[in-house]
Amino acid sequence: MGLVLFGLGIWRTWRHAAWNALPLEGEEARHIYQISDWVLLTIGSIAGLTGFALSQEHLESQMTDEMARHAQERRLFFATILQSHVDQTTLISSRPTLLLLLRRLELNPQDTDALAHLANSTRSMLSHGFSAIAYEGLSQRWASAGQFLEHSEIVVPIRTSPAATLLWSNGYILKTRMPIGDATGIAGYFVAEQPLPVLTKLHNDAIRWGESGDMAVCGLRGDDQLCFPFRWRKHGSTVPATLDGRPLPVTRAVRGETAVITTLDFRRERVVAAFGPIGETGLGMAIKMDLWELYSPLRSKFLRAVPFLILLLAAGVWLMHRQLRPIVKALADSRQQLMLLAKNDALTGLPNRVLFQDRIQQAMVRTQRTTSLMALFYVDVDYFKSINDTFGHATGDDVLRWVAAQLRSSIRACDVVCRIGGDEFTVILENFQEPSDGARIAQLLVKNVNSATPDRSEVKSLSISVGVAFYRGEEMTPDELLNQADTALYHTKQHGRNGFTIYDEKTHQGVVGKVVSV
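This text gives an overview of the structure that appears in the document. (Residues numbered from 1 in each chain as written. Predicted model: local features only at pLDDT ≥ 70, side-chain atom pairs only at ≥ 80, totals over all residues. Heavy atoms only, no water.)

Here the focus is empty space enclosed by the protein. Applying the stated criterion across every chain, the model contains 2 cavities of 30 Å³ or more. Roughly 140 Å³ of volume is contained in the largest cavity. Ala216, Leu248, Val250, Phe266 and Lys288 are, among the 13 residues lining the largest cavity, the residues nearest its centre. Looking at the lining of the largest cavity, the elements that each hand over two or more residues are β7 (214-221), β8 (224-227), α6 (249-254) and β14 (283-290). Split by residue class, the lining of the largest cavity holds 10 nonpolar, 1 polar and 2 charged. A volume near 70 Å³ is recorded for the second largest cavity. Taken together, Gln88, Leu91, Ile92, Arg95, Met125, His128, Arg353, Tyr378, Ile420, Gly421, Gly422 and Glu424 make up the full set of residues lining the second largest cavity. (1 Å grid on protein atoms, 1.4 Å probe; cavity = no way out; pocket = protein on both sides within 12 Å on 5 of 7 lines; lining within 4 Å. Points joined across faces, edges and corners; volume = space filled by probe spheres on them. Helix = DSSP H or I, 4+ residues; strand = E, 2+ residues; numbered from the N terminus. Nonpolar A, V, L, I, M, F, W, Y, C, P; charged D, E, K, R; others polar.)

Here's what the structure looks like:
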């Protein structure tokens, strides 16, 4: 519009100018035409450059906003996965039976029954995502399974609750050492190493982002950073925390700062970096991209649009939106996928342990407000390790998906089924009046799984063991209720499996009721 109005103004001025009545010949005519051409070219160039500058500002604002949101979601996902795995080991180490076995070994190191129970426990835990497990007493190791990592490229302590260590050996590995004890003292420790394939995939996807995209995860040690591998360093290494006296983005992230800035990285390349702390772990994350790559789509479109100055504003904006659309869509899809992975189990589609904690807490709050009854079922597939060992992990995955479908089809739409790890499921039932209703549902779950097997499967028989704990609104934490159901489940497995047991709330010593088999 500016160019059109300017042209109309030039034409009107030329029509009414006194010199227009004079004959224009030779150099005079060429001189006037040249001045008009230069004015038009100057105005067109200014309009084009102004449009480019405004578009550049808009692009930068959009990209930095998306990068900041993307970085925040990755940090949240990273911290959630770390804490969920720490919670898993905490849950295992808090089982009452482990404390009893370690106490027995303190009194009698030759207690073969206790040693056998610990050995069986370590072997069974390997199917729950652990690569190595050990139970240690105060003076010696009682049982172990798997192979502990002998060498790690990088070892970074993390401030989870309780504290743990993050290692790297062709992927992230979480090492935990959980005390096992009670108010009278510590009887031993549960030591475990867990590969974190989800975080490793996140890491590998990030360092393949574009030609220069990168993600650095580091912890601070003195004046240096302990960094896990990233695009420009293929192995875990120590990186200086500052460049020319100024802290690098990931250093500021470890110190608790969150921002999106344009700066120099350790290669002295200009980058756009979004950084911030990973929860309360003491780690920092920086997502960055070289400035030249960030602006390369806009630069190429601008150079191609130079011959079309009149259409620059309209075509440039259209081309930029067209160029940005797949990038924004990819970031949005990635965000949705990360949030889905953080809350849902990838194999069965059920809520995972993280979402389970939220669901059970909400259910307990609702139960406190009413006079109804709530039940928590802790479900374990019988002999699942043997199925995996005999028929392979693909069949094992089919079995887990089939069991998940059977559990979902056996309950109401308002009830919740979760997979909290390995072959372990939980079912949350609300709004019923009598414990017999919960027992009937538990019997139905066992019966439905026992009555059939997955289609076209080599597995000819399946069964589950169930532990049931009821909640009536009393003061209790979700973990305490889960421990009650776990104790009932342990009782079921110790008395023949393929059934269910209800936790005895009067003695608080364990389950005294009979195992009901179907």
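Alright, that's what it looks like, and here's the rest.
What follows covers the nonpolar core. In terms of nonpolar packing, the biggest core is built from 55 residues, with Phe78 and Leu166 touching the most fellow members. The biggest single contributor to this core is helix α2 (residues 26-93), with 11 residues. Of all hydrophobic cores here, the second largest spans 33 residues; its members include Leu407, Ile441, Ala442 and Leu445. (Core = buried A, V, L, I, M, F, W, Y, C linked by side-chain atoms within 4.5 Å. Buried < 20%, exposed > 50% of the residue type's maximum accessible area, 1.4 Å probe, protein only.)

What follows covers unusual backbone geometry. Located in the positive-phi region is Tyr383, a residue other than glycine, with phi close to 55 degrees. Note on placement: Tyr383 falls in the loop between β15 (373-381) and α10 (384-391). For Asn431, which is not glycine, the phi torsion reads 60 degrees and is therefore positive. Tracing the backbone shows Asn431 in strand β17 (residues 424-432).

A covalent bond between the sulfur atoms of two cysteines is referred to as a disulfide. On inspection of all chains with the given rule, the structure shows 1 disulfide. Across the disulfide from Cys218 sits Cys227; the S-S distance is 1.9 Å. Between Cys218 and Cys227 the sulfur-sulfur dihedral comes to about 105 degrees; the bridge is accordingly right-handed. Cys227 matches Cys218 in its accessibility class, with the two residues each being buried. (Disulfide = S-S within 2.5 Å.)

Let's shift gears to the pairing of strand β3 (residues 154-158). Residue alternation in β3 divides its side chains into a buried set, Ile154, Val156 and Ile158, and an unburied set, Val155 and Pro157. One ladder, built from 5 bridges, connects β3 with strand β4 (residues 164-168); its direction is antiparallel. Bridge assignment links Ile154 to a residue of β4, and that residue is Trp168. Here β3 folds back onto β4, and the loop between the two strands holds 5 residues. (Pairing = 2+ DSSP bridges.)

With that settled, consider helix α11 (residues 393-409). The first and last C-alpha atoms of α11 sit 24 Å apart over 17 residues, in line with the 24 Å expected at 1.5 Å per residue. The set of residues buried in α11 consists of Thr395, Gly396, Val399, Leu400, Trp402, Val403, Ala404, Gln406 and Leu407. As for α11, its buried residues are in contact with β15, α10, β16 (416-421), β17, α12 (435-450) and β18 (464-471). (Expected span 1.5 Å × (residues − 1). Contact = heavy atoms within 4.5 Å.)

Below, the discussion takes up α12. Along its 16 residues, α12 runs 23 Å from first to last C-alpha, staying within 8% of the 22 Å computed at 1.5 Å per residue. Those residues of α12 that sit buried are Gly438, Ala439, Ile441, Ala442, Leu445, Val446 and Val449. Down the axis of α12, the buried side of the element spans an arc of 160 degrees, and every buried residue falls inside it. The secondary structure elements touched by the buried residues of α12 are β15, α11, β17, β18 and β19 (499-502). (Arc of directions from axis to C-beta.)

Here we come to the sheet that holds strand β6 (residues 185-195). With antiparallel pairing, 6 strands are arranged side by side in an open sheet as β2-β1-β6-β5-β4-β3. For this open sheet the edge positions go to β2 (141-146) and β3, each flanked by a neighbour on one side alone. Averaged over all pairs of adjacent strands, the angle between their axes in this sheet comes to 15 degrees, without regard to strand direction. Strand direction decides the pairing type here: strand β5 (residues 172-182) and β6, joined by 10 bridges, are antiparallel. (Axes fitted to C-alpha atoms, helices over the stretch in contact; angles between N-to-C directions.)

This brings us to the packing of aromatic side chains. Throughout the structure, instances matching the rule amount to 7 aromatic pairs. Centre to centre, the rings of Tyr135 and Phe190 are 5.4 Å apart; their planes meet at 40 degrees, and the pair counts as tilted. In this pair, Tyr135 is assigned in strand β1 (residues 132-136) and Phe190 in strand β6, connecting sequence segments 55 residues apart. Comparing Tyr135 with Phe190, the two get one shared label, buried. If you follow Arg177 out to its NZ or CZ, it ends over the ring of Tyr189, 3.8 Å from the centre. Its end group placed over the ring of Tyr383, Arg497 keeps NZ or CZ at 4.6 Å from the ring centre. (Phe/Tyr/Trp six-rings, centres within 6.5 Å; stacked < 30°, edge-to-face > 60°. Lys NZ or Arg CZ within 6 Å of the ring centre and 35° of its normal.)

In this fold, Asp486 is placed in helix α13 (residues 478-494). Along the chain, Asp486 and Leu376 lie 110 residues apart, while their C-alpha atoms are 9.8 Å from each other. Excluding its chain neighbours within four sequence positions, the residues that come into contact with Asp486 are Arg95 and Tyr378. Polar side-chain contacts of Asp486 include one of 3.1 Å to the side chain of Arg95. (Polar contact = N/O pair within 3.5 Å; in protein donor to acceptor, adjacent residues only side chain to side chain.)

Okay, the sheet that holds β14 next. Reading across from one edge, β9-β8-β7-β14-β13-β12 is the order of the 6 strands in this open sheet, with antiparallel pairing throughout. The open sheet is flanked by β9 (237-240) and β12 (259-264), the only strands paired with a single partner. The sheet shows a mean angle of 35 degrees between the axes of neighbouring strands, taken without regard to direction. With 7 bridges joining them, strand β13 (residues 270-277) and β14 adopt antiparallel strand pairing. Across the sheet, the residue bridging to Val272 is Met289, located in β14.

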